[in-house]
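# Structural features, examined
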Amino acid sequence: MGAETPKQFLELDGAPILVHSLRKIASCELITDIIVATRAEEVARLAERLRAEKFRQTLRVVKGGDTRQESVAAALKHVAEGTEIVLVP
């Protein structure tokens, strides 16, 4: 998107694009847990920002990898045993 800031953290109507996406995901009654993988240096800041949203689901922010594939793999390690469906947006 031509910005120094990663696109998921760019603000739209006062909230990062990521937050808008998570609000939509969290609005689904079938979603029970949310796991977000991000850069190591962003974990604490993002976790604090997302706590302010007060999602009804359990939400975890975890350290991702250098690539999307590595980040998805890192997040999948935190999926509860017995989970039947995983959404990777």
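I will try to describe carefully the structure that is included in this document.

### A few points about the pairing of strand β3 (residues 33-38)
Side-chain alternation along β3 places I34, V36 and T38 on a buried face and D33, I35 and A37 on a face that remains uncovered. As defined by bridge partners, β3 adjoins strand β4 (residues 58-63) across six bridges and the pair is classed as parallel. Within β4, the residue paired with A37 across the bridge is V62. As for the winding sense of the linkage, the β-α-β connection from β3 through helix α2 (residues 43-51) to β4 is right-handed.

### Here we look at the pattern of salt bridges
Counted under the stated rule, the structure contains three salt bridges. E42 is the partner of R45 in a salt bridge, and the nearest nitrogen-oxygen pair spans 2.5 Å. For E42, a relative accessible area of 14% corresponds to the buried category. For R49, the salt bridge is made with E53, and the minimal N-O distance between the two is 2.8 Å. Judged by relative accessible area, R49 falls into the partly exposed class, the value being 27%. Where salt bridges share partners, they join R23, R49 and E53 into one cluster.

How each quantity is defined
Residues numbered from 1 in each chain as written. Predicted model: local features only at pLDDT ≥ 70, side-chain atom pairs only at ≥ 80, totals over all residues. Heavy atoms only, no water. Buried < 20%, exposed > 50% of the residue type's maximum accessible area, 1.4 Å probe, protein only. Helix = DSSP H or I, 4+ residues; strand = E, 2+ residues; numbered from the N terminus. Pairing = 2+ DSSP bridges. Right-handed = clockwise from strand over helix to strand, strands pointing away. Salt bridge = Lys/Arg side-chain N within 4 Å of Asp/Glu carboxyl O.

Geometric values such as these leave the question of function open.
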